[in-house]
Amino acid sequence: MQMLTKFESKSNRVKGISFHAKRPWILASLHNGCIQLWDYRMGTLLERFDEHDGPVRGIAFHPTQPLFVSGGDDYKIKVWNYKTRRCLFTLNGHLDYVRTVFFHPEHPWVISASDDQTIRIWNWQSRSCIAILTGHNHYVMCAQFHPKNDLVVSASMDQTVRVWDISGLRKKNQAPTPMSFEDSFNRQSQADLFGSTDVMVKYVLEGHDHGVNWASFHPTLPLIVSAGDDRQVKLWRMSETKAWEVDSCRGHYNNVSSAIFHPRQELILSDGEDKSIRVWDVTKRTSLATFRRDHDRFWVLTAHPELNLFAAGHDSGLIVFKLERERPAYQIHQNQVFYIKDKIIHIHDLNSGADQEVLSIRKLDSPYVVPRTLSYNPAERAVLVTSPHDGGVYELYHLPKNLSGSLKEPSDESKRGEGQAALFIARNRFAVFDKVGQQVQIRDLSNNPTKSFKTPGQVNEIFYAGTGGLLMSTPTSVILYDIQQRRISAELPATSVKYIVWNADMSMVALLSKHSITIATKNLKQVCQVHETIRIKSGTWDDSGVFIYCTLNHIKYALPQGDSGIIRTLDQPVYLTRVKGKTLHVLDREAMPRTIKIDPTEYRFKLALVKRQYEEVLHIIRNSNLVGQSIIAYLQKKGYPEIALHFVRDPRTRFELALECGNLDIAVETAKTMDQPDCWSKLGAEALRQGNFKIVEMAYQRTKSYDRLSFMYLVTGNEKNLQQMLKIAELRNDPISSFQNALYLGDIEERVRLLEQVGQGPLAYLTAKSHGLTEKAESILAQSGKEESEIQLPSNACELPAVPKPLVQLEDPNWPLLTVSKSFFEGAFAAEASNTSATGGISGTAAPAFSYDENVTEGAGDWGMDEDDDLGIPGLSSKTPAEDDLFGTPEAGQLDLGQGEEDEEGGGWDVDDDIKADLDAEISQAAAQATAEFVAPTAGTNEVAIWSQNSPLAVDHIAAGSFESAMQALNRQVGIVNFEPLKHHFMSIYQASRVSLSPIASNPNLFSPIRRNPEESNIRSSFPVVVYSFENLKSNQLQQAYRLFTGGKLVAAAAQFKQLLHSVLFTVVANSEEASTVNELIDVCREYITGLQLEQERRGASGDPKRALELAAYFTHCQLDVRHSQLALRQATKQAFKLKNFNTASQFARRLLELAPPKTVADEARQIQSVCERNLKDEIELNYDQYNPFVVCGISLEPIYRGSPTSTCPYCRSSYKPEHEGKLCTICGLAQIGVKASGLRIMI
């Protein structure tokens, strides 16, 4: 039997705990007065409740309502609503500490036990006390309702357990029935004469020698279990008339805090102040298992009301655990599932749903240990079953041929052996793995060994890999091992793989770890990797090549290309066996075969899109309700915005998608619908990029961008519209705009007039004089009262620039576009729309069809056709009696925006709707061919995007620009939580991994990736350049840090070593030797940073000579270079000598001389040693023992001696005292102390 820890919290002492019946929540009441609500599945703290004054000892969830109740040392009972996160009311009445509180499973009652020697029952709806149970003459430590009967059990420090009958209370609180006046009078009189008869003591159980801490009922049997300070767990039995002690369970060696029955098995669980949890057999009253903690006493124990989970509260938090694995042992063969339930082998037919018991294996191992794996041999109709009992055993069974009749027992018990894993590898051979000896034996069906061999390394598990092959899981990789040739065929990096799942033809395999899935080929070539934040339980392959897997609360899918998503949620984990269409076959935790309905549309749609099976994509679009933001985002990401446009109804999203796929018609349509300035600005920019000046003109008109309009008319040579712009500027009283338009038109007189109008006489005169308008110039001069002789003009004659005139006036100013076919989907949608309109059928739910008109009619610069297009300029309206044409252009020149004739090409198939689904491929191909003259090439593969797919290294993800996945990898590998110091490293690597080339000025820069392996021609095998070379780190940066240390520049040296420690994260090595050297470099940086912290602290502790000497002594134990160790020892020797700690100084001097220092230093050390040896005493007692090996805590800077508990940094491996767990490491400044991590990966 083993304890499987599912969740553990760190907090103050936990005195009460309670599971939620449905949600993965647990309440913990703490000794410091706080109540914590945890999600034990995700490991997160959801809420804190702080209203009690003093320790909270009792806590309980309501079984159905969103309520919980708490009781504490402030004598108060509080009822809370966890949805509103507040206390609803407080029940007052107890006169001393409240020990426990529980809800009744049916009635609106709360029972409380208190040190005031009473038990109270409260109605939480009326908020009143309905019964006070008196009789105990000492503290009442516990009181609980029976789960089904009208009974209460209580435990007290008066050494008794009492059972109370509350049937009278239940009858009293039932709905009233009609009664006569006499009956009412008689009942009242009887109560007055004889006292309340609502609750009566039924039994008083005496047998404990000391106070009783806990008592609880069995959920179904008439049994009671109690635990007391006499270190015993007692079992009691009840009948209708009496109760008696059955037996005692002895084994605890301190007070027993609580004891409960296992809800599903004949077991008792108890915990106590001896820091242990014990499991007892109810029938034999013997101890089955003991689970200990090193430093924490246990105070409370509870069981989940529905699941096989338990929780215990101790001095430093709580632990959620279960006693055995709930994963059933099973294997799928063709359409049959072989599985074990209640120690019986079953065969379940997936087609018919028939289930049959085949063979009993109850003699395999302990009745409380679940079999671990099952391997089936169809040729010999044999099964191998393994169990973790006694370190691991296996047994070979031959299934009976005749399945009719009674359940068969195995006939031969000799085919049993020891081994952690056993599986068939051939028709008449199976492999047995001995994990302790790291050996694999090959045995025949008689259980005789035929060969054996050592594993190629540290192996945790073996799996089937086809005939004659094994997959071996190591802590860091998976090995494909050839048994015949006894060699490694392939190896794939994958951390701690627990399960593998082959597809039907064994061409693909999924490697399942705790939080990741690696999909690979049969030769272990990685295809993709999927990471999850929650535990992965099982998986199976779809017939289409999609891997379906489940986590604790979701069923998900993973495509071989790396895409993943959620299919549906789960209430409880299941184990997948087979998926057929929309039916998913599973085994639940009770080993019951079930089917779950799923919708495979989403992953089939994505798979068809990735495989370019466009007919399948079109069929799914037309025949399924596939909508949602995730699908739209996926289509955008994969470069299919035109398909995403088909799903969207929101105008803003349609507008953005239309711009992305260059569909200006739909963009104009949606922009008119929204009529917002930012939409018209974006539309103008996109239309300008495509050279569609008519839409640009409309967009500028809608946003009233007059300057842009004028410039566009200038570059297109439209003088007529420029003149109109000049008139508009005059009506707007905008002299700057008027002058600009006059400049564009080359109208000298107008420019002179404008300059005069705004009071710029000198500029007006200069303009007129320069352009030969002599009369006008003289007129200006006369008005100013000046004479020509007074004006000094430049004498240099120059040619004035002229406004360029268009050589040819184009009828259509739009750029000519290359005639290309619509995409497959555009053509199909357009064909469908044409068919619908031709037959007169209008669907109310159909998406807007793509209708591209390639022959846009010519225009002459119209402002637009909308009635509300009024510029709001006094004296000029955009509405004219004839038409909405500001410039008065003829009707033939108007711009037709999306209102021209529809392109009927591509919609000529006369197909009935009834058979449309059967002819999707033909319609689509015809639609595409009818509109096609030239198919534009598709975009190539982005090499940078491949880097993050090819490599598991964080530095390669950074180079690819995938910062988030890089941070997730670093957090997973070395527990990094503080990424701020790494920001400049991220940016440097990202920038250094590509070259920026500047083309012509109007185009953006071109980026070219720099490869680590330039000789590789296939971009799918490329990797980014290594920016942080390991050789450079070792030969340059490390030596620079050494020089700073030698020069006594402590701050600069510490910064340099920390910079080096950060840079190591991003280096890449080629072999395991370099990888080990990198680990040594990390150790060097850690030791130097620790030493520098000690020295800086010592220099700051000048007022405390004892502390300063201790820090100097600790510094001498840092693993430094010899010359630097000499500096530390020399300094410590002098410091100890000055403080007259002669014994310590003599030891430092001896250690210094052992390092062969220079002559002057050696002479000085010998002199100090000779003086100290005359009086080997220390004046100051130090916290320092040089003979007991120790490491220095990075926060407190105190020694942690060998054998003491420590927490370490997962990256730099610095040591800390346990109370600092969860804090940020002070040595590297990056990782969280005590976090479990898989280890830094720097090699592919």
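Residues numbered from 1 in each chain as written. Predicted model: local features only at pLDDT ≥ 70, side-chain atom pairs only at ≥ 80, totals over all residues. Heavy atoms only, no water.

Novice: Tell me what's going on with the overall build of the protein chain, and back it up with residues and numbers.
Specialist: If you tally the helices and strands in the protein chain, you get 29 helices and 61 strands. By sequence separation, contacts in the protein chain at least 24 residues apart represent 50% of the contacts at least 6 residues apart. If you sum the accessible surface of the protein chain, you get close to 59600 Å²; carbon and sulfur atoms cover 49% of it. (Helix = DSSP H or I, 4+ residues; strand = E, 2+ residues; numbered from the N terminus. Contact = heavy atoms within 4.5 Å. Areas by Shrake-Rupley, 256 points an atom, 1.4 Å probe, with all protein chains shown as cover.)

Novice: If you had to explain the pattern of salt bridges to someone new, which residues and values would you point to?
Specialist: Taken as a whole and judged by the stated rule, the model has 43 salt bridges. For Glu51, the salt bridge is made with Lys78, and the minimal N-O distance between the two is 3.9 Å. A residue pair is termed long-range when its members are at least 10 positions apart, and Glu51 in the loop between strand E5 (44-49) and strand E6 (56-61) and Lys78 in strand E8 (residues 76-81) qualify at 27 residues. Residue Lys78 is classed as buried on the basis of its relative accessible area, which comes to 6%. Note that Asp1083 is salt-bridged to Arg1086, the shortest N-O span being 2.8 Å. Pair noted here: Asp1083 and Arg1086 are both in helix H25 (residues 1072-1100), with a separation of three residues, about one helical turn. (Salt bridge = Lys/Arg side-chain N within 4 Å of Asp/Glu carboxyl O. Buried < 20%, exposed > 50% of the residue type's maximum accessible area, 1.4 Å probe, protein only.)

Novice: Would you mind going over the nonpolar core in detail, with residue names and values included?
Specialist: Ranked by internal contacts, the top residues of the largest apolar core, which has 85 residues, are Leu970, Leu982, Phe1057, Leu1065, Phe1066, Tyr1211 and Cys1228. Looking at this core, the element that brings in the most residues is H25, giving nine residues. For Leu982, the residues in contact, after removing those within four places along its chain, are Leu970, Ile976, His1062, Leu1065, Phe1066 and Leu1230. Ranked by size, the runner-up nonpolar core spans 76 residues in total, among them Ile166, Tyr203, Trp214 and Leu307. (Core = buried A, V, L, I, M, F, W, Y, C linked by side-chain atoms within 4.5 Å.)

Novice: Tell me about the side chain of His314, and please be specific about residues and values.
Specialist: Assignment of secondary structure puts His314 in strand E27 (residues 310-314). Discounting residues that sit within four places of it in the chain, His314 has contacts with Glu8, Asn12, Arg13, Val14, Arg293, Asp296, Arg297, Phe298, Trp299 and Ile319.

Novice: Mind laying out the packing of aromatic side chains, listing which residues take part and the relevant values?
Specialist: Within the structure shown, the criterion is met by 33 aromatic pairs. An angle of 85 degrees between the planes, with centres 5.8 Å apart, marks the rings of Phe986 and Phe1066 as edge-to-face. With Phe986 in helix H22 (residues 983-992) and Phe1066 in the loop between helix H24 (1050-1063) and H25, this residue pair connects regions lying 80 residues apart in the sequence. Among the residues examined, Phe986 registers a relative accessible area of 5% and is labelled buried. Residue class for Phe1066 comes out buried when judged on its relative accessible area of 1%. Consider the rings of Phe1057 and Tyr1088, whose centres lie 4.7 Å apart with planes at 15 degrees: the pair is stacked. Highlighted residues: Phe1057 in helix H24 and Tyr1088 in helix H25, separated in sequence by 31 residues. With relative accessibility at 0%, the residue Phe1057 sits in the buried group. The exposure class assigned to Tyr1088 is buried, which follows from its relative accessible area of 1%. Linked through ring pairs, Trp25, Phe49, Phe61, Phe68, Trp80 and Tyr82 together constitute an aromatic cluster. The cationic tip of Lys15 hangs over the ring face of Trp299; the distance from NZ or CZ to the ring centre is 3.9 Å. The ring of Tyr499 carries the charged tip of Arg327 above its face, separated from the ring centre by 3.7 Å. (Phe/Tyr/Trp six-rings, centres within 6.5 Å; stacked < 30°, edge-to-face > 60°. Lys NZ or Arg CZ within 6 Å of the ring centre and 35° of its normal.)

Novice: Break down the packing of helix H10 (residues 693-703) against helix H11 (residues 706-715) for me, with residues and values.
Specialist: At a closest axis distance of 9 Å, the pairing of H10 and H11 adopts a crossing angle of 155 degrees. With respect to H11, the element H10 is oriented roughly antiparallel. In the crossing of H10 with H11, the sense of the turn from one axis to the other is left-handed. In contact with Phe693, Val696, Glu697, Tyr700 and Gln701 of H10, H11 contributes Arg708, Leu709, Met712 and Tyr713. Residues that form the contact of H10 with H11 fall into these classes: six nonpolar, one polar and two charged. (Axes fitted to C-alpha atoms, helices over the stretch in contact; angles between N-to-C directions. Parallel < 35°, antiparallel > 145°, perpendicular 65-115°, else oblique. Left-handed = near helix turned anticlockwise from the far one by under 90°. Nonpolar A, V, L, I, M, F, W, Y, C, P; charged D, E, K, R; others polar.)

Novice: Any chance you could break down helix H8 (residues 664-674) for me, citing the residues and the numbers?
Specialist: Among all positions in H8, only Leu664, Ile666, Ala667, Val668, Thr670, Ala671 and Met674 are buried. A positive backbone phi angle near 50 degrees is found at Asp675, which sits one or two residues after H8.

Novice: Please set out the sheet that holds strand E50 (residues 547-551) residue by residue, giving values where relevant.
Specialist: In space, the four strands of this open sheet follow the order E49-E50-E51-E52, with antiparallel pairing throughout. Two strands in the sheet have a free side with no partner beyond their single neighbour: strand E49 (536-541) and strand E52 (564-569). Pairwise comparison of adjacent strand axes, ignoring direction, gives a mean angle of 25 degrees for this sheet. Where E50 meets strand E51 (residues 554-558), four bridges bridge the pair, whose relative direction is antiparallel. (Pairing = 2+ DSSP bridges.)

Novice: Outline helix H7 (residues 651-660), supporting the account with residue identities and numerical values.
Specialist: Those residues of H7 lying buried are Arg654, Phe655, Leu657, Ala658 and Leu659. Two residues or fewer past H7, Gly662 is found with a positive phi of approximately 75 degrees.

Novice: So what's going on with the sheet that holds strand E38 (residues 429-434)? Which residues, and what values?
Specialist: On the basis of which strands lie adjacent, the open sheet formed by four strands has the order E37-E38-E39-E40 and antiparallel pairing. The open sheet has two free edges, formed respectively by strand E37 (421-426) and strand E40 (449-454), since each of these has just one partner strand. Taking the axes of each pair of neighbouring strands and ignoring which way they run, one obtains an average angle of 25 degrees across the sheet. The pairing of strand E39 (residues 439-444) with E40 spans five bridges and is antiparallel. Considered in E40, the bridge of Gln441 is made with Ser452.

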